[in-house]
Amino acid sequence: MTTIRQPSGARATALLGLGTYRPERVVTNEEICEVLDSSDEWIQSRSGIRSRRYAGEDETLVDMATAAARRALEAAGVTADQLGTVIVATSSHAQHTPAAAPLVADRLGSRAAAFDMGAGCAGWCHAVSVASDLVRGGNASYALVIGVEKLSLFLDPTDRSTAFIFADGAGAVVVGPADEPGIGPVAWGSDGSQSHVITQEPGCQHVTPDHPMVVRMEGTAVFRWAPFAMADVARSAVEGAGLALTDLDAFIPHQANMRITETLARNLKLPEGIAIARDVQESGNTSAASVPLAIETMVRNGEAQPGDTALLIAFGAGLSYASQVVRLPPVATA
Ligand SMILES: CC(C)(COP(=O)(O)OP(=O)(O)OC[C@H]1O[C@@H](n2cnc3c(N)ncnc32)[C@H](O)[C@@H]1OP(=O)(O)O)[C@@H](O)C(=O)NCCC(=O)NCCS
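Everything numeric in this text was worked out from a predicted model, so none of it was measured.

1. Re unusual backbone geometry
Then step 1. The omega torsion of the bond from Thr 97 to Pro 98 falls at -5°, within 30 degrees of zero and hence cis.
Then step 2. Cis geometry is adopted by the peptide bond preceding Pro 202, which originates at Glu 201 and carries an omega value of -10°.
Then step 3. Turning to its location among the elements, Pro 202 is positioned in the loop between strand E9 (198-201) and strand E10 (214-217).
Then step 4. One non-glycine residue, Lys 269, adopts positive backbone phi at about 55°.
Then step 5. For Lys 269, the position within the fold is in the loop between helix H7 (258-267) and strand E12 (275-276).
Then step 6. Relative accessible area serves as the criterion here: at 66%, Lys 269 is assigned to the exposed category.
Then step 7. Positioned with a positive phi, Ser 287 is a non-glycine residue whose angle comes to about 50°.
Then step 8. By the secondary structure assignment, Ser 287 is in the loop between helix H8 (280-283) and helix H9 (290-300).

As structure tokens, this is what we get:
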């Protein structure tokens, strides 16, 4: 009988460097309300969002992902030819074929294995865990993980549940070998019985010029689920890392909306003094890009530092969710 050799890789992995890209165009609540039947006051009180950014018409998802990736590689001190894998987490790449990741890898000058990952707003946290296991398993020396969205392409500007929430941007991180563990075990899962709560409609086969594909969401159902179910998931991630909540320096949840973040922090019984990400105020909900964008904002504002211990959690369409404790990497601040 033949023996198949299986590789084994790094003893420990960490986030080695993070970079982001925010489109230039700032879209205020006032601008949203030129079309949407709502008000700046209502949007701020229900979601915390004051403004968000939209990509330009000619600015593609691949452009944004590549810009964030270049900054992440620079922050990590890793070159494109060292990458073994490029993963793009997104749910707004406008084509199923080709996937975005090989296009991004090519722009970077890399011939690494490259594929997209769809887990809604939780995609980047899923991909970080997969990348860490690839490096630990020996199938990649370094992996690049990008969360990127151009959700402005898929918004119905008259939809009161979604038009003011979603936005565009990109965040990337290099995962690689480390002397000390910098990425805890993932606590993740899904509940497909609630898949109808966040969808893109109509399905591809029914899209017509009169019925473009847009994001739909039952906002109240998301609100009833996330701040409660996700508290248990976040606790599991902390326990899995062998830590207690008091060991954390920062709590960086998916920037869904401010009320979800505040309620989740309360349900988690987060001790006083732990910095909480509130990037949703200026970035809106950028889905798979929201956690790396929030990390960059916290480091730029001095609310968190590279080397800090941070609890990440992301959740959304699927419903899918993933959470892990990480050591924050060097960040290329924009
Ligand atoms: C979307 C969300 C802000 C809507 O808030 P809500 O309180 O659930 O809103 P409801 O649909 O129950 O409507 C409550 C009232 O606000 C009004 N309303 C709803 N949307 C409105 C809007 N955009 N602007 C102004 N008023 C609005 C309704 O007409 C209703 O008025 P009434 O009480 O006079 O009948 C809220 O459900 C939410 O934050 N959900 C989570 C969404 C999210 O973060 N998703 C991220 C997915 S990862």
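2. Comments concerning the site of the ligand
Then step 1. The local shell around the ligand holds 20 residues, among which Ser 38, Arg 46, Arg 160, Gly 219 and Asn 257 are the closest.
Then step 2. Between a nitrogen atom of the ligand and a side-chain N or O atom of Ser 38, the distance comes to 2.6 Å.
Then step 3. For the ligand, an oxygen atom lies 2.5 Å from a polar atom in the side chain of Arg 46.
Then step 4. Burial of the ligand by the protein chains amounts to 70% of its free accessible area of 960 Å².
Then step 5. Of all elements in the fold, only helix H2 (40-47), helix H6 (219-240) and H7 reach the threshold of two or more residues within the shell around the ligand.
Then step 6. Counting residues per element, the shell around the ligand draws most heavily on H6, at 4 residues.
Then step 7. Considering only residue class, the shell around the ligand consists of 10 nonpolar, 6 polar and 4 charged.
Then step 8. Summarising the domain contributions, the shell around the ligand has at least three residues from each of domain 1 (13-177) and domain 2 (187-327).

3. Digging into the pairing of strand E7 (residues 168-177)
Strand residues, when the strand is regular, have side chains that alternate between the two faces of the sheet.
Then step 1. Most of E7 sits out of view: 9 of its 10 residues are buried.
Then step 2. Where strand E6 (residues 142-150) lies against E7, 8 bridges are found, and the strand directions are antiparallel. In the sheet register, Ile 146 faces E7, and the bridge partner there is Ala 172.

Reading the values: rules and limits
In every chain, residue numbers begin from 1 and rise along the written sequence. Per-residue local features of the predicted model are confined to residues with pLDDT of at least 70, and side-chain atom pairs are confined, for both listing and counting, to 80 or more; whole-chain, interface and lining totals are unaffected and use all residues. Note: side-chain values were computed over all heavy atoms of the structure, leaving out hydrogens and water. Secondary structure is summarised from DSSP: a helix means a run of H or I of at least four residues, a strand means a run of E of at least two, and numbering begins at the N terminus for each. Residue exposure (1.4 Å probe, protein chains only): buried if accessible area is under 20% of the type maximum, exposed if over 50%, otherwise partly exposed. Proximity is defined per residue: if any heavy atom of the residue lies within 4 Å of a molecule or strand, that residue is considered near it. Here a polar contact means two N or O atoms within 3.5 Å. Within protein one must be a hydrogen donor candidate and the other an acceptor candidate, and residues neighboring in sequence count only if both atoms are side-chain atoms. To be clear on the numbers: accessible area is Shrake-Rupley with a 1.4 Å probe, and residue cover counts the displayed protein chains and nothing else. Throughout this entry, Asp, Glu, Lys and Arg are counted as charged residues, while Ala, Val, Leu, Ile, Met, Phe, Trp, Tyr, Cys and Pro are counted as nonpolar. The remaining residues, Gly among them, count as polar. Domain limits in this description derive from either an automatic procedure or a database domain assignment. Strands qualify as paired when DSSP identifies two bridges or more between them.

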